[in-house]
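Fold and contact review
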Amino acid sequence: MADTAQIEEIVKQVLASMSGVVSPGSGENSGAAGGVKGSIPKTAHVAMLTALEHFDVKEFPMPEVGDEDILVKVEGCGICGTDAHEFKRDPFGLIPVALGHEGTGEIVKMGKNVKKDSAGKDLKIGDKVVTCMIFKDNPDITMFDLNRQNVGGADVYGLLPDDDIHLNGWFSDYILIRKGSTVFNVSDLDLYSRVLIEPCAVLIHAVERAKSTGILRFNSNVVVQGCGPIGLICIAILRTMGINRIVAVDGEQKRLDFAKELGASDSVNFKEHKGIEALTAAVQEKCQGHLADFAFQCTGSPAGHSNIYKFIRNGGGLCELGFFINGGDATINPHFDICSKEITTVGSWVYTLRDYATTFEFLKSAKRIGLPIDKLITHTYPLEEINQALKTNLAMQGLKIAIINKQ
Ligand SMILES: NC(=O)c1ccc[n+]([C@@H]2O[C@H](COP(=O)([O-])OP(=O)(O)OC[C@H]3O[C@@H](n4cnc5c(N)ncnc54)[C@H](O)[C@@H]3O)[C@@H](O)[C@H]2O)c1
Ligand SMILES: [Zn+2]
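Definitions and limits used
Residues numbered from 1 in each chain as written. Chains lettered and ligands numbered in written order. Predicted model: local features only at pLDDT ≥ 70, side-chain atom pairs only at ≥ 80, totals over all residues. Helix = DSSP H or I, 4+ residues; strand = E, 2+ residues; numbered from the N terminus. Buried ≥ 20, exposed ≤ 12 C-beta atoms within 10 Å, placed from the backbone. Near = placed C-beta within 6 Å. Nonpolar A, V, L, I, M, F, W, Y, C, P; charged D, E, K, R; others polar. Pairing = 2+ DSSP bridges. Axes fitted to C-alpha atoms, helices over the stretch in contact; angles between N-to-C directions. Contact = placed C-beta atoms within 7 Å. Parallel < 35°, antiparallel > 145°, perpendicular 65-115°, else oblique. Left-handed = near helix turned anticlockwise from the far one by under 90°. Arc of directions from axis to C-beta. pLDDT = per-residue confidence, 0-100.

A word on the overall build of the protein
Along the backbone of the protein there are 12 helices and 18 strands. Within the protein, buried positions represent 44% of all 407 residues.

Quick look at the site of ligand 1
Surrounding ligand 1, one finds 29 residues, the nearest of these being Gly226, Gly228, Ile230, Gly300 and Phe324. A total of 3 residues in the shell around ligand 1 trace back to one element, the largest contributor, which is helix α6 (residues 229–240). For the shell around ligand 1, the per-class residue count stands at 14 nonpolar, 12 polar and 3 charged.

Some points on the sheet that holds strand β13 (residues 266–269)
If you walk across this open sheet you meet the 6 strands as β13-β12-β11-β14-β15-β16, and the pairing is parallel. Both outer strands of the open sheet, β13 and β16 (344–347), are each paired with one neighbouring strand and no more. Geometrically, the sheet is characterised by an average inter-axis angle of 20 degrees between neighbouring strands, direction not taken into account. Where strand β11 (residues 221–225) and strand β12 (residues 245–250) come together, 5 bridges link them in parallel fashion. Bridge pairing in β12 links Gln225 to Val249. Along the sheet face, helix α5 (residues 197–211) touches β14 (292–297), β15 (312–320) and β16 and points at about 150 degrees away from the line of β15.

Digging into the packing of α5 against α6
As a packed pair, α5 and α6 sit with axes 9 Å apart at the nearest point and diverge in direction by 60 degrees. Of the possible angle classes, the one that applies to α5 and α6 is oblique. α5 and α6 meet at a crossing whose hand is right-handed. Contact residues: α5 offers Pro199, Cys200, Val202, Leu203, Ile204, Ala206 and Val207, while α6 offers Pro229, Ile230, Ile233, Cys234 and Ile237. In terms of residue class, the contact of α5 with α6 is made up of 12 nonpolar, no polar and no charged.

A look at the pairing of strand β4 (residues 70–78)
The buried count for β4 comes to 9 of 9 residues, which makes it a mostly enclosed element. Judged from the 8 bridges that link them, β4 and strand β6 (residues 102–110) form a sheet pairing that is antiparallel. Within the sheet, the bridge partner assigned to Gly78 lies in β6 and is Glu102. Sheet analysis places β4 next to strand β9 (residues 174–177), joined by 4 bridges and oriented antiparallel. Its bridge partner being in β9, Val72 is matched across the sheet by Ile175. With 3 bridges joining them, β4 and strand β18 (residues 400–404) adopt antiparallel strand pairing. Opposite Gly76, over in β18, you have Ile404 as the bridge partner.

Some details on helix α8 (residues 276–286)
Looking at α8, one finds that the buried residues are Leu279, Val283, Gln284 and Lys286. One side of α8 carries all its buried residues, which in axial view fall inside an arc of 165 degrees. With respect to the buried face of α8, the exposed residues turned more than 90 degrees away are Glu277 and Ala278. In the stretch just after α8, Gln288 is the one whose phi turns positive, near 55 degrees.

Describing the confidence of the model for the protein
Across the protein, pLDDT averages 89, with 87% of residues at or above 70. Taken together, the stretch residues 10–33 has pLDDT below 50 and engages in 37 contacts with residues farther than four places along the chain or on a different chain.

Considering unusual backbone geometry
The amide bond that connects Ile95 to the next residue, Pro96, takes the cis arrangement and shows omega of 0 degrees. Assignment of secondary structure puts Pro96 in the loop between α2 (81–89) and β5 (97–98). The phi dihedral of Gln288 falls on the positive side, at around 55 degrees, and the residue is not glycine. With respect to the helices and strands, the residue Gln288 is situated in the loop between α8 and β14. The exposure class of Gln288 is exposed, given the 11 C-beta atoms found within 10 Å. Of note, Glu342 is a non-glycine position whose phi angle comes to about 50 degrees, a positive value. Accessibility expressed as a C-beta count within 10 Å gives 9 for Glu342, which makes it exposed.

Considering the sheet that holds strand β2 (residues 43–51)
Read from one edge of the open sheet, 3 strands run β3-β2-β5, paired in antiparallel fashion. Strand pairing shows two members of the sheet lacking a second neighbour, β3 (54–61) and β5, which therefore form its edges. Here 2 bridges tie β2 to β5, and the two strands are oriented antiparallel to one another. Across the sheet, Leu49 pairs through a bridge with Val97, a residue of β5.

Side note on α2
Here α2 has its buried residues at Asp83, Glu86 and Phe87. Take α2 and look down its axis: the buried residues cluster within an arc of 100 degrees, on one side only. Residues of α2 that are buried make contact with β2, β5 and α12 (386–394). Positive backbone phi, at 50 degrees, marks Asp90, one or two positions downstream of α2.

Right under this line is the structure:
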(Lines give C-alpha, C1' and ligand atoms only; values in the text may rest on other atoms or scores of the structure.)
(Ligands and ions follow the chains in the order given, each with its own letter.)
Protein backbone atom coordinates (compact mmCIF):
# COMPACT_ATOMS: atom_id res chain seq x y z
CA MET A 1 0.00 0.00 0.00
CA ALA A 2 2.74 2.39 1.04
CA ASP A 3 4.58 1.66 -2.19
CA THR A 4 1.52 2.47 -4.28
CA ALA A 5 1.03 5.74 -2.44
CA GLN A 6 4.69 6.63 -2.99
CA ILE A 7 4.45 5.84 -6.68
CA GLU A 8 1.30 7.95 -6.98
CA GLU A 9 3.08 10.85 -5.30
CA ILE A 10 6.10 10.53 -7.65
CA VAL A 11 3.80 10.38 -10.70
CA LYS A 12 1.94 13.47 -9.43
CA GLN A 13 5.21 15.35 -9.00
CA VAL A 14 6.46 14.36 -12.46
CA LEU A 15 3.15 15.41 -14.06
CA ALA A 16 3.16 18.65 -12.08
CA SER A 17 6.69 19.49 -13.17
CA MET A 18 5.76 18.75 -16.80
CA SER A 19 2.88 21.24 -16.64
CA GLY A 20 4.93 23.75 -14.70
CA VAL A 21 2.76 23.47 -11.60
CA VAL A 22 3.85 22.35 -8.15
CA SER A 23 1.37 21.03 -5.62
CA PRO A 24 0.27 23.49 -2.88
CA GLY A 25 2.80 24.12 -0.17
CA SER A 26 5.82 23.05 -2.20
CA GLY A 27 6.34 26.28 -4.15
CA GLU A 28 9.15 28.64 -3.37
CA ASN A 29 8.05 31.01 -0.60
CA SER A 30 4.61 29.40 -0.53
CA GLY A 31 2.60 30.28 2.54
CA ALA A 32 4.21 33.70 2.83
CA ALA A 33 3.26 36.98 1.22
CA GLY A 34 5.46 37.60 -1.81
CA GLY A 35 7.10 34.87 -3.87
CA VAL A 36 6.29 32.42 -6.61
CA LYS A 37 4.38 29.16 -6.93
CA GLY A 38 6.22 26.58 -8.97
CA SER A 39 7.60 27.50 -12.33
CA ILE A 40 5.55 29.98 -14.30
CA PRO A 41 5.53 29.66 -18.08
CA LYS A 42 7.19 32.40 -20.12
CA THR A 43 4.02 33.19 -22.02
CA ALA A 44 0.33 33.54 -21.27
CA HIS A 45 -2.70 32.93 -23.49
CA VAL A 46 -5.45 35.51 -23.75
CA ALA A 47 -8.67 35.22 -25.77
CA MET A 48 -8.75 38.61 -27.49
CA LEU A 49 -11.90 39.73 -29.25
CA THR A 50 -10.19 40.99 -32.40
CA ALA A 51 -13.28 41.49 -34.59
CA LEU A 52 -17.03 41.21 -34.20
CA GLU A 53 -17.95 37.62 -33.32
CA HIS A 54 -14.33 36.53 -33.37
CA PHE A 55 -11.86 35.73 -30.60
CA ASP A 56 -8.21 34.87 -31.29
CA VAL A 57 -6.33 33.08 -28.53
CA LYS A 58 -3.11 35.13 -28.49
CA GLU A 59 0.18 34.42 -26.78
CA PHE A 60 1.89 37.23 -24.85
CA PRO A 61 5.06 37.35 -22.77
CA MET A 62 4.39 36.81 -19.06
CA PRO A 63 4.58 40.30 -17.55
CA GLU A 64 6.74 41.44 -14.67
CA VAL A 65 4.89 41.24 -11.35
CA GLY A 66 5.31 44.58 -9.57
CA ASP A 67 5.44 45.01 -5.79
CA GLU A 68 1.68 45.66 -5.65
CA ASP A 69 0.63 43.12 -8.30
CA ILE A 70 -0.79 39.60 -8.18
CA LEU A 71 -0.36 37.04 -10.95
CA VAL A 72 -3.27 34.61 -11.07
CA LYS A 73 -3.50 31.32 -12.96
CA VAL A 74 -7.05 31.36 -14.27
CA GLU A 75 -9.28 28.36 -13.58
CA GLY A 76 -12.51 29.55 -15.16
CA CYS A 77 -14.79 32.43 -16.05
CA GLY A 78 -18.52 32.71 -16.65
CA ILE A 79 -19.93 34.32 -19.80
CA CYS A 80 -22.07 37.35 -19.02
CA GLY A 81 -24.71 39.12 -21.12
CA THR A 82 -22.22 42.00 -21.38
CA ASP A 83 -19.63 39.69 -23.00
CA ALA A 84 -22.30 38.58 -25.47
CA HIS A 85 -23.11 42.24 -26.32
CA GLU A 86 -19.43 43.01 -26.87
CA PHE A 87 -18.96 39.88 -29.00
CA LYS A 88 -21.93 40.75 -31.21
CA ARG A 89 -21.78 44.55 -31.46
CA ASP A 90 -18.81 46.05 -29.52
CA PRO A 91 -21.04 48.78 -28.00
CA PHE A 92 -18.16 50.02 -25.82
CA GLY A 93 -15.79 50.33 -28.81
CA LEU A 94 -13.13 48.21 -27.04
CA ILE A 95 -11.96 45.85 -29.83
CA PRO A 96 -9.25 44.48 -29.54
CA VAL A 97 -10.19 43.53 -25.98
CA ALA A 98 -9.56 40.78 -23.44
CA LEU A 99 -13.05 40.01 -22.11
CA GLY A 100 -14.30 38.00 -19.11
CA HIS A 101 -15.12 39.51 -15.72
CA GLU A 102 -16.76 36.57 -13.92
CA GLY A 103 -13.44 34.77 -13.42
CA THR A 104 -11.50 33.03 -10.68
CA GLY A 105 -8.13 31.42 -10.27
CA GLU A 106 -5.15 30.72 -8.07
CA ILE A 107 -2.42 33.14 -7.00
CA VAL A 108 0.91 31.96 -8.41
CA LYS A 109 3.02 35.04 -7.77
CA MET A 110 2.59 38.22 -5.79
CA GLY A 111 4.44 41.44 -5.11
CA LYS A 112 6.09 41.96 -1.74
CA ASN A 113 3.63 44.65 -0.71
CA VAL A 114 0.55 42.49 -1.20
CA LYS A 115 -0.54 41.06 2.14
CA LYS A 116 -4.34 41.18 2.45
CA ASP A 117 -7.43 41.09 0.26
CA SER A 118 -10.02 43.89 0.13
CA ALA A 119 -11.86 42.46 3.14
CA GLY A 120 -8.68 42.31 5.23
CA LYS A 121 -8.19 38.54 4.82
CA ASP A 122 -4.59 37.31 4.42
CA LEU A 123 -3.43 36.46 0.90
CA LYS A 124 -0.83 33.88 0.05
CA ILE A 125 0.41 31.88 -2.91
CA GLY A 126 -2.09 29.14 -3.75
CA ASP A 127 -5.14 31.12 -2.57
CA LYS A 128 -8.15 31.25 -4.88
CA VAL A 129 -9.36 34.73 -5.70
CA VAL A 130 -11.92 36.79 -7.59
CA THR A 131 -11.74 40.46 -8.53
CA CYS A 132 -14.41 43.09 -8.32
CA MET A 133 -14.03 46.80 -9.16
CA ILE A 134 -10.85 48.69 -9.93
CA PHE A 135 -10.44 52.11 -8.38
CA LYS A 136 -7.36 53.39 -10.16
CA ASP A 137 -8.21 57.03 -9.51
CA ASN A 138 -9.35 56.54 -5.97
CA PRO A 139 -8.04 53.38 -4.34
CA ASP A 140 -9.08 54.66 -0.90
CA ILE A 141 -12.75 54.37 -1.68
CA THR A 142 -12.75 50.74 -0.58
CA MET A 143 -11.50 51.84 2.81
CA PHE A 144 -13.79 54.77 3.55
CA ASP A 145 -17.07 53.40 2.33
CA LEU A 146 -17.47 49.98 0.81
CA ASN A 147 -21.10 50.60 0.22
CA ARG A 148 -21.27 53.96 -1.46
CA GLN A 149 -19.85 53.24 -4.88
CA ASN A 150 -21.89 51.15 -7.29
CA VAL A 151 -19.83 49.02 -9.67
CA GLY A 152 -21.61 50.73 -12.56
CA GLY A 153 -19.23 53.68 -12.17
CA ALA A 154 -16.00 51.68 -11.87
CA ASP A 155 -13.68 49.70 -14.14
CA VAL A 156 -13.57 45.91 -14.06
CA TYR A 157 -11.11 43.39 -15.48
CA GLY A 158 -12.59 42.01 -18.67
CA LEU A 159 -13.84 45.39 -19.89
CA LEU A 160 -10.59 47.38 -19.94
CA PRO A 161 -8.95 48.90 -23.02
CA ASP A 162 -6.01 46.82 -24.26
CA ASP A 163 -2.54 47.88 -23.06
CA ASP A 164 1.09 46.70 -23.11
CA ILE A 165 0.41 44.00 -20.53
CA HIS A 166 -2.63 42.51 -22.35
CA LEU A 167 -3.51 40.20 -19.41
CA ASN A 168 -6.61 42.25 -18.59
CA GLY A 169 -9.49 39.77 -18.83
CA TRP A 170 -10.41 36.42 -17.28
CA PHE A 171 -10.87 34.62 -20.64
CA SER A 172 -7.20 33.68 -20.44
CA ASP A 173 -4.83 31.33 -18.64
CA TYR A 174 -3.14 34.08 -16.60
CA ILE A 175 -4.31 37.52 -15.46
CA LEU A 176 -2.28 40.29 -13.81
CA ILE A 177 -4.17 41.99 -10.97
CA ARG A 178 -2.77 45.47 -10.44
CA LYS A 179 -2.73 48.14 -7.74
CA GLY A 180 -6.11 49.71 -7.05
CA SER A 181 -8.06 46.52 -7.79
CA THR A 182 -10.40 44.92 -5.33
CA VAL A 183 -9.60 41.27 -4.84
CA PHE A 184 -11.17 38.70 -2.53
CA ASN A 185 -9.74 35.51 -1.09
CA VAL A 186 -12.43 32.89 -1.77
CA SER A 187 -10.37 29.75 -1.18
CA ASP A 188 -13.23 28.27 0.85
CA LEU A 189 -15.54 28.12 -2.19
CA ASP A 190 -15.43 25.47 -4.94
CA LEU A 191 -14.75 26.39 -8.58
CA TYR A 192 -18.37 26.52 -9.78
CA SER A 193 -19.43 28.62 -6.79
CA ARG A 194 -16.56 31.02 -7.50
CA VAL A 195 -17.59 31.33 -11.15
CA LEU A 196 -21.13 32.19 -10.01
CA ILE A 197 -20.09 34.95 -7.57
CA GLU A 198 -20.57 37.91 -9.90
CA PRO A 199 -24.11 37.10 -11.12
CA CYS A 200 -25.10 36.15 -7.56
CA ALA A 201 -23.90 39.54 -6.31
CA VAL A 202 -26.49 41.17 -8.62
CA LEU A 203 -29.25 39.34 -6.74
CA ILE A 204 -27.76 39.89 -3.30
CA HIS A 205 -27.93 43.59 -4.13
CA ALA A 206 -31.53 43.30 -5.38
CA VAL A 207 -32.58 41.49 -2.19
CA GLU A 208 -30.85 44.18 -0.09
CA ARG A 209 -32.80 46.82 -2.03
CA ALA A 210 -35.99 44.82 -1.45
CA LYS A 211 -35.29 44.58 2.30
CA SER A 212 -34.88 48.37 2.43
CA THR A 213 -38.66 48.68 1.86
CA GLY A 214 -39.38 46.90 5.15
CA ILE A 215 -41.98 44.79 3.32
CA LEU A 216 -39.97 41.66 2.49
CA ARG A 217 -40.08 39.31 5.50
CA PHE A 218 -39.33 35.66 6.15
CA ASN A 219 -43.05 34.79 5.98
CA SER A 220 -43.87 36.89 2.89
CA ASN A 221 -45.61 35.55 -0.21
CA VAL A 222 -43.09 36.34 -2.94
CA VAL A 223 -43.42 36.22 -6.71
CA VAL A 224 -40.30 35.97 -8.87
CA GLN A 225 -41.11 36.69 -12.50
CA GLY A 226 -38.54 35.41 -15.04
CA CYS A 227 -36.55 32.23 -14.45
CA GLY A 228 -33.37 32.85 -16.40
CA PRO A 229 -30.17 32.77 -14.32
CA ILE A 230 -31.17 36.08 -12.68
CA GLY A 231 -34.60 34.95 -11.45
CA LEU A 232 -33.32 31.49 -10.50
CA ILE A 233 -30.53 32.90 -8.34
CA CYS A 234 -33.07 35.28 -6.79
CA ILE A 235 -35.19 32.29 -5.76
CA ALA A 236 -32.18 30.50 -4.25
CA ILE A 237 -31.24 33.57 -2.20
CA LEU A 238 -34.79 34.00 -0.90
CA ARG A 239 -34.78 30.32 0.05
CA THR A 240 -31.54 30.66 2.02
CA MET A 241 -33.22 33.56 3.88
CA GLY A 242 -35.88 31.12 5.06
CA ILE A 243 -38.63 32.41 2.78
CA ASN A 244 -40.87 29.43 2.02
CA ARG A 245 -43.57 30.78 -0.21
CA ILE A 246 -42.00 31.69 -3.52
CA VAL A 247 -44.02 31.49 -6.75
CA ALA A 248 -41.95 31.41 -9.95
CA VAL A 249 -43.47 32.78 -13.18
CA ASP A 250 -42.03 32.02 -16.65
CA GLY A 251 -43.06 30.55 -19.99
CA GLU A 252 -40.42 27.80 -20.15
CA GLN A 253 -41.49 24.68 -18.26
CA LYS A 254 -37.93 23.36 -17.88
CA ARG A 255 -36.87 26.58 -16.18
CA LEU A 256 -39.94 26.49 -13.93
CA ASP A 257 -39.08 22.93 -12.90
CA PHE A 258 -35.53 24.00 -12.05
CA ALA A 259 -36.95 26.97 -10.11
CA LYS A 260 -38.59 24.43 -7.80
CA GLU A 261 -35.28 22.61 -7.32
CA LEU A 262 -33.75 25.93 -6.31
CA GLY A 263 -36.43 26.66 -3.73
CA ALA A 264 -39.65 27.89 -5.39
CA SER A 265 -42.70 26.45 -3.63
CA ASP A 266 -44.83 26.69 -6.77
CA SER A 267 -44.77 27.90 -10.35
CA VAL A 268 -47.04 29.43 -13.00
CA ASN A 269 -46.45 29.02 -16.72
CA PHE A 270 -47.76 32.29 -18.16
CA LYS A 271 -48.27 30.66 -21.56
CA GLU A 272 -51.03 28.50 -20.07
CA HIS A 273 -53.18 31.50 -19.08
CA LYS A 274 -54.81 33.81 -21.56
CA GLY A 275 -54.98 37.45 -20.53
CA ILE A 276 -53.71 39.25 -17.45
CA GLU A 277 -56.79 38.53 -15.35
CA ALA A 278 -56.49 34.75 -15.78
CA LEU A 279 -52.74 34.98 -15.15
CA THR A 280 -53.24 37.04 -12.00
CA ALA A 281 -55.84 34.53 -10.76
CA ALA A 282 -53.35 31.69 -11.34
CA VAL A 283 -50.61 33.51 -9.42
CA GLN A 284 -53.03 34.31 -6.60
CA GLU A 285 -54.10 30.69 -6.35
CA LYS A 286 -50.46 29.59 -5.99
CA CYS A 287 -49.96 32.25 -3.30
CA GLN A 288 -52.64 30.51 -1.15
CA GLY A 289 -55.40 32.82 -2.34
CA HIS A 290 -53.46 36.04 -1.67
CA LEU A 291 -51.72 38.46 -3.95
CA ALA A 292 -47.95 38.72 -3.41
CA ASP A 293 -46.52 40.74 -0.54
CA PHE A 294 -43.43 41.31 -2.65
CA ALA A 295 -42.41 40.68 -6.27
CA PHE A 296 -39.09 40.59 -8.13
CA GLN A 297 -39.25 41.47 -11.84
CA CYS A 298 -36.44 39.47 -13.51
CA THR A 299 -37.35 39.59 -17.21
CA GLY A 300 -36.17 42.16 -19.75
CA SER A 301 -39.71 42.27 -21.15
CA PRO A 302 -41.73 45.52 -20.98
CA ALA A 303 -44.90 43.38 -20.91
CA GLY A 304 -43.44 41.62 -17.89
CA HIS A 305 -43.04 44.98 -16.16
CA SER A 306 -46.64 45.94 -16.95
CA ASN A 307 -47.98 42.62 -15.66
CA ILE A 308 -46.17 42.41 -12.38
CA TYR A 309 -48.13 45.15 -10.57
CA LYS A 310 -51.26 43.05 -10.92
CA PHE A 311 -49.68 40.25 -8.86
CA ILE A 312 -48.93 42.51 -5.86
CA ARG A 313 -51.32 43.20 -2.95
CA ASN A 314 -52.24 46.66 -1.65
CA GLY A 315 -49.30 47.99 0.34
CA GLY A 316 -46.93 45.44 -1.21
CA GLY A 317 -43.48 45.93 -2.69
CA LEU A 318 -41.69 45.51 -6.00
CA CYS A 319 -38.03 45.24 -6.97
CA GLU A 320 -37.48 45.89 -10.70
CA LEU A 321 -34.10 44.54 -11.78
CA GLY A 322 -34.81 43.09 -15.22
CA PHE A 323 -33.51 45.95 -17.34
CA PHE A 324 -29.74 46.05 -17.19
CA ILE A 325 -29.91 47.82 -20.52
CA ASN A 326 -32.67 49.83 -22.15
CA GLY A 327 -35.42 47.43 -23.14
CA GLY A 328 -37.97 50.05 -24.19
CA ASP A 329 -40.96 51.65 -22.49
CA ALA A 330 -43.66 49.79 -20.55
CA THR A 331 -47.26 50.79 -20.01
CA ILE A 332 -48.71 50.92 -16.52
CA ASN A 333 -51.83 52.45 -15.04
CA PRO A 334 -50.52 54.83 -12.37
CA HIS A 335 -53.85 54.90 -10.53
CA PHE A 336 -54.55 51.16 -10.32
CA ASP A 337 -50.96 49.87 -10.34
CA ILE A 338 -49.15 52.17 -7.93
CA CYS A 339 -51.12 55.06 -6.44
CA SER A 340 -54.27 53.42 -5.08
CA LYS A 341 -52.39 50.25 -4.13
CA GLU A 342 -49.64 52.23 -2.34
CA ILE A 343 -46.96 49.97 -3.74
CA THR A 344 -43.34 50.62 -2.72
CA THR A 345 -41.01 50.17 -5.67
CA VAL A 346 -37.22 49.89 -5.72
CA GLY A 347 -34.91 49.59 -8.68
CA SER A 348 -31.71 47.57 -8.51
CA TRP A 349 -28.65 47.77 -10.75
CA VAL A 350 -25.42 45.81 -10.38
CA TYR A 351 -23.95 45.69 -6.83
CA THR A 352 -21.58 47.20 -4.34
CA LEU A 353 -18.43 45.70 -2.86
CA ARG A 354 -20.29 44.86 0.33
CA ASP A 355 -22.67 42.69 -1.69
CA TYR A 356 -19.66 40.62 -2.76
CA ALA A 357 -18.90 39.69 0.83
CA THR A 358 -22.56 38.73 1.43
CA THR A 359 -22.52 36.66 -1.76
CA PHE A 360 -19.75 34.39 -0.44
CA GLU A 361 -21.92 33.56 2.58
CA PHE A 362 -24.98 32.98 0.39
CA LEU A 363 -23.08 30.45 -1.75
CA LYS A 364 -22.03 28.54 1.36
CA SER A 365 -25.59 28.58 2.77
CA ALA A 366 -27.03 27.39 -0.55
CA LYS A 367 -24.72 24.36 -0.46
CA ARG A 368 -25.47 23.76 3.21
CA ILE A 369 -29.22 23.47 2.60
CA GLY A 370 -28.70 21.36 -0.52
CA LEU A 371 -29.73 23.78 -3.29
CA PRO A 372 -28.19 22.49 -6.55
CA ILE A 373 -26.65 25.84 -7.40
CA ASP A 374 -23.91 24.23 -9.58
CA LYS A 375 -26.60 23.14 -12.05
CA LEU A 376 -26.92 26.78 -13.12
CA ILE A 377 -23.74 26.15 -15.13
CA THR A 378 -25.16 24.08 -17.96
CA HIS A 379 -22.30 24.28 -20.50
CA THR A 380 -18.51 24.49 -20.12
CA TYR A 381 -15.87 25.00 -22.82
CA PRO A 382 -12.07 25.14 -22.79
CA LEU A 383 -10.47 28.49 -23.69
CA GLU A 384 -9.69 27.37 -27.27
CA GLU A 385 -13.42 26.91 -27.91
CA ILE A 386 -14.45 30.36 -26.74
CA ASN A 387 -16.03 31.33 -30.07
CA GLN A 388 -18.32 28.30 -29.80
CA ALA A 389 -19.07 29.14 -26.15
CA LEU A 390 -20.23 32.64 -27.12
CA LYS A 391 -22.33 31.23 -29.95
CA THR A 392 -24.03 28.84 -27.53
CA ASN A 393 -24.73 31.83 -25.27
CA LEU A 394 -26.19 33.87 -28.13
CA ALA A 395 -28.36 30.92 -29.17
CA MET A 396 -29.93 31.17 -25.67
CA GLN A 397 -29.13 27.53 -24.99
CA GLY A 398 -28.84 26.42 -21.38
CA LEU A 399 -28.47 28.80 -18.45
CA LYS A 400 -24.95 29.86 -17.45
CA ILE A 401 -22.11 29.07 -19.83
CA ALA A 402 -18.54 29.09 -18.58
CA ILE A 403 -15.00 28.75 -19.84
CA ILE A 404 -13.23 26.20 -17.64
CA ASN A 405 -9.50 25.96 -18.27
CA LYS A 406 -7.71 22.64 -18.49
CA GLN A 407 -5.54 22.37 -15.37
N1 LIG B 1 -30.17 44.74 -12.45
C2 LIG B 1 -29.02 44.29 -12.90
O3 LIG B 1 -27.97 44.76 -12.50
C4 LIG B 1 -28.99 43.18 -13.90
C5 LIG B 1 -27.82 42.42 -14.05
C6 LIG B 1 -27.83 41.38 -14.99
C7 LIG B 1 -28.96 41.13 -15.75
N8 LIG B 1 -30.06 41.93 -15.59
C9 LIG B 1 -31.29 41.74 -16.40
O10 LIG B 1 -32.04 40.67 -15.90
C11 LIG B 1 -32.84 40.14 -16.95
C12 LIG B 1 -32.85 38.63 -16.81
O13 LIG B 1 -31.56 38.10 -17.03
P14 LIG B 1 -31.37 36.55 -17.36
O15 LIG B 1 -29.93 36.34 -17.60
O16 LIG B 1 -32.05 35.73 -16.33
O17 LIG B 1 -32.18 36.49 -18.77
P18 LIG B 1 -32.93 35.35 -19.54
O19 LIG B 1 -33.31 35.92 -20.84
O20 LIG B 1 -32.14 34.07 -19.49
O21 LIG B 1 -34.26 35.07 -18.67
C22 LIG B 1 -35.43 35.83 -18.78
C23 LIG B 1 -36.60 34.88 -18.52
O24 LIG B 1 -37.79 35.66 -18.52
C25 LIG B 1 -38.82 34.89 -19.14
N26 LIG B 1 -39.86 35.83 -19.59
C27 LIG B 1 -39.83 36.65 -20.66
N28 LIG B 1 -40.96 37.37 -20.72
C29 LIG B 1 -41.72 36.99 -19.65
C30 LIG B 1 -42.98 37.38 -19.15
N31 LIG B 1 -43.72 38.30 -19.76
N32 LIG B 1 -43.43 36.80 -18.02
C33 LIG B 1 -42.70 35.87 -17.39
N34 LIG B 1 -41.49 35.45 -17.81
C35 LIG B 1 -41.01 36.00 -18.93
C36 LIG B 1 -38.11 34.14 -20.24
O37 LIG B 1 -38.82 32.99 -20.62
C38 LIG B 1 -36.77 33.81 -19.59
O39 LIG B 1 -36.75 32.54 -18.98
C40 LIG B 1 -32.21 40.62 -18.27
O41 LIG B 1 -33.15 41.39 -18.99
C42 LIG B 1 -30.99 41.44 -17.85
O43 LIG B 1 -30.88 42.64 -18.57
C44 LIG B 1 -30.09 42.93 -14.69
ZN1 LIG C 1 -21.42 39.82 -15.47
